[in-house]
Structures are given as C-alpha cells and as structure tokens.
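Next come the chains, spelled out residue by residue.
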Amino acid sequence: MTPRPYILAETTWQQVKETKYEVVLLPWGATEAHNYHLPYATDNYQCDYVAAEAARKAWDRGAKVTVLPTIPFGVNTGQLDITLDMNLNPSTQHLILRDMVQVLARQGIPKLVVLNGHGGNDFRQILRELQAEFPSVFLCTLNWYKAADRSQFFTAPGDHADALETSVMQHIAPQLVRPLAEAGDGAAKQFKVKAFRQGWAWAQREWSKVSADTGVGDPAEATLEKGEAFLEAVTTNIGQFLVDLAAADPQDLYE
C-alpha cells in the first residue's frame, strides 16, 4: 500500500517536517458490543474510514490536514455490566485531550477537530475548558454519523448497531459482519418518564435494561449499497468542512 500523506501513522519525519499542517483530525471511537452481528470495534473501524476518506478529499483540494490514530475507547458508563465494554470516564478523556492539545499548542499547529464516532462521547464541555486554557489552538468536534441526513438513506430509527451502522460496516469491513439472520431485532425499551422520552430531559440509558441484544434499532434494511452511499455523503461533507476550516481565520469566524 502506498503511504497516504494525510495519515500520520503512515508518514515519515522527512515529510512531516516539510509540511505546514493546518488541521489535525483526532478520531475517537469505542470498544463495545454491537448486537450479535457487528464486532466490538465497529466504532473504531468507522472512525478510521471516515477520517481517512474525508482527509483524502480535503488533501486533494490542497488542505494540509493530518489524521491521528483513532483512540479506541469511549465513555461506556451505562454499559459497565456488559462484558468487555471498555469504559473511559469523561475526566480521563479530558486528561488525554489536554495532553494532545498541549502538544499542538507547543508546536504551533493551529486547529484540532475531534471526530467522534460513539454516542456516549460528548467532547463539547471538555473543549470549552481546554479552549480557555489553550487559546492558540482552535478546538472543535463533530459526530461523523450526523454529517449527512440519515433519513435520505434509512427509514427505521436507531442509534446503535442499527441499519445505518450495519450498512456502513458492510461496506467498510464486510468480512467482520455476520449474516443479518443472526442479528437481534434491536428492540429497545423507552423511558417511562415522559420528559426523557421527548428528549428535553436527559439521563443515561442503562443498556442491559434497555436492549436484550445490545442493539438499538432494527438492522434488517441494511445493505452494502446504502452504506457506501451514506459514507460518500458523510465524507464529502466532512471533507468540505476540513477545506473550509483549513482556510479559516480563527480570529475572523463570524459574518
């Protein structure tokens, strides 16, 4: 495989020292059960693919972006009783991110994007605090799976090992996807408290009480073709965002 100049893990010091990077992309996933048909590293495979493909599209248009290795563990405080669902507390994520941002600040790299691939991760409050501490590095985050309108590709609702994630994995790593006949239906219980159901009040879901198969959303409508189309839309949108961000002046962002 030819090394990709926008993937730091494949890049040499000779190339790095000659490149003035504008944006660093940090993918952040999770290691957790994904129904009976998807692997524990689903979020990480997805982050790897989306980050690389979006960065490729941005690099080809002249944006100097580099992708860091994906962090493979996320916040799974609602899944502590599900075997080998690995948890990083938000306070641990804060410490890891602080160290990363400190490196960029010291080296004069101006922008960091945290590419999130796991619903349990929420970096916004962490980035608020770190932005005040490291004003020389512009900090932002995005959830890759929200970068395109899922309703244009999928009809059934869901947010974990559902038709969206299954379709995406059928495209990215089909060898790791079990037949859909082996998958659970992803049926999920809802909160009894109305405000939680409506979404204007929030509490974390206790996963083993919500889902019998660890899925939330029926994967039955998944197809490789839907996954490919959704990923194309997502990576095109994120690629454009990276181009725009690379060219943006953090001191002049508003109009």
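Scroll up for the structure.
It should be emphasised that the depicted structure is a prediction, and the values quoted were computed from it without experimental measurement.

Caption draft 1: Structural context of the packing of helix α2 (residues 42-59) against helix α5 (residues 163-172). The contact between α2 and α5 brings their axes to 10 Å, and the two run at 65°. For α2 against α5, the interelement crossing comes out left-handed. In this structure, α2 uses T42, D43, Y45, Q46 and Y49 to contact α5, whose residues at the interface are E165, V168, M169, H171 and I172. A breakdown of the residues in the contact of α2 with α5 according to their chemical character gives five nonpolar, three polar and two charged.

Caption draft 2: Up close: a nonpolar patch on the surface. On the surface, Y40, F73, L84 and M86 cluster together into a nonpolar patch covering about 370 Å² of accessible area. Position of L84 relative to the elements: it lies in the loop between β2 (65-67) and α3 (90-107).

Caption draft 3: Inspection of unusual backbone geometry at higher detail. In this structure, A161 takes a positive phi of about 55° despite not being glycine. Inspection of the secondary structure assignment puts A161 in the loop between β5 (158-160) and α5. Given a relative accessible area of 0%, A161 falls into the buried group. With a phi close to 75°, T214 is a non-glycine residue in the positive phi region.

Caption draft 4: Inspection of the environment of L88 at higher detail. Along the polypeptide, L88 turns up in the loop between β2 and α3. Excluding its chain neighbours within four sequence positions, the residues that come into contact with L88 are W28, F73, G74, V75, Q93 and I96.

Caption draft 5: Region of the structure containing the pattern of salt bridges. Tallied over the full model, the rule gives 10 salt bridges. One network of salt bridges, with partners in common, ties together E53, R56 and D60.

Caption draft 6: View of the pairing of strand β3 (residues 111-116). For β3, the buried fraction is high: six of the six residues fall into the buried class. Neither face of β3 is exposed, since K111, V113 and L115 on one face and L112, V114 and N116 on the opposite face are all buried. Of the strand pairs in this sheet, strand β1 (residues 23-28) and β3 are connected by five bridges, and their pairing is parallel. Each bridged residue has a counterpart across the sheet, and for L26 the counterpart in β3 is V114. Sheet analysis places β3 next to strand β4 (residues 138-143), joined by six bridges and oriented parallel. Across the sheet, V113 pairs through a bridge with C140, a residue of β4. Between the parallel elements β3 and β4, the chain passes through helix α4 (residues 124-133) in a crossover that is right-handed.

Caption draft 7: Seen up close, the pairing of β1. Most of β1 sits out of view: six of its six residues are buried. The side-chain alternation of β1 yields two buried faces, one formed by V23, L25 and P27 and the other by V24, L26 and W28. Where β1 meets β2, three bridges bridge the pair, whose relative direction is parallel. Across the sheet, residue V24 finds its bridge partner in β2, namely T66. Handedness of the β-α-β unit built from β1, α2 and β2 comes out right-handed.

Caption draft 8: Seen up close, the packing of aromatic side chains. Taken as a whole, this structure holds eight aromatic pairs when the rule is applied. Seen in terms of ring centroids, W144 and F230 are 6.3 Å apart; in terms of plane orientation they differ by 55°. Their pairing is tilted. Here W144, found in the loop between β4 and β5, pairs with F230, found in helix α8 (residues 224-247); they are 86 residues apart in sequence, far enough to count as distant. Each member of the pair, W144 as well as F230, is classed as buried. Summarising the aromatic geometry, the rings of F153 and F230 are spaced 5.3 Å apart at their centres and angled 80° between planes, so their arrangement reads as edge-to-face. Within this pair, whereas F153 is found in the loop between β4 and β5, its partner F230 is found in helix α8, the two being separated by 77 residues in sequence. Classification of F153 as partly exposed rests on a relative accessible area of 22%. Here F230 falls in the buried class, since its relative accessible area comes to 0%.

Procedures and definitions
- Residues numbered from 1 in each chain as written.
- Predicted model: local features only at pLDDT ≥ 70, side-chain atom pairs only at ≥ 80, totals over all residues.
- Heavy atoms only, no water.
- Axes fitted to C-alpha atoms, helices over the stretch in contact; angles between N-to-C directions.
- Helix = DSSP H or I, 4+ residues; strand = E, 2+ residues; numbered from the N terminus.
- Left-handed = near helix turned anticlockwise from the far one by under 90°.
- Contact = heavy atoms within 4.5 Å.
- Nonpolar A, V, L, I, M, F, W, Y, C, P; charged D, E, K, R; others polar.
- Patch = residues over 30% accessible without salt bridge, like charges linked within 9 Å, V, L, I, M, F, W, Y side chains within 5 Å.
- Areas by Shrake-Rupley, 256 points an atom, 1.4 Å probe, with all protein chains shown as cover.
- Salt bridge = Lys/Arg side-chain N within 4 Å of Asp/Glu carboxyl O.
- Buried < 20%, exposed > 50% of the residue type's maximum accessible area, 1.4 Å probe, protein only.
- Pairing = 2+ DSSP bridges.
- Right-handed = clockwise from strand over helix to strand, strands pointing away.
- Phe/Tyr/Trp six-rings, centres within 6.5 Å; stacked < 30°, edge-to-face > 60°.

It is worth stressing that arrangement in space is one thing and function is another; only the former is reported here.
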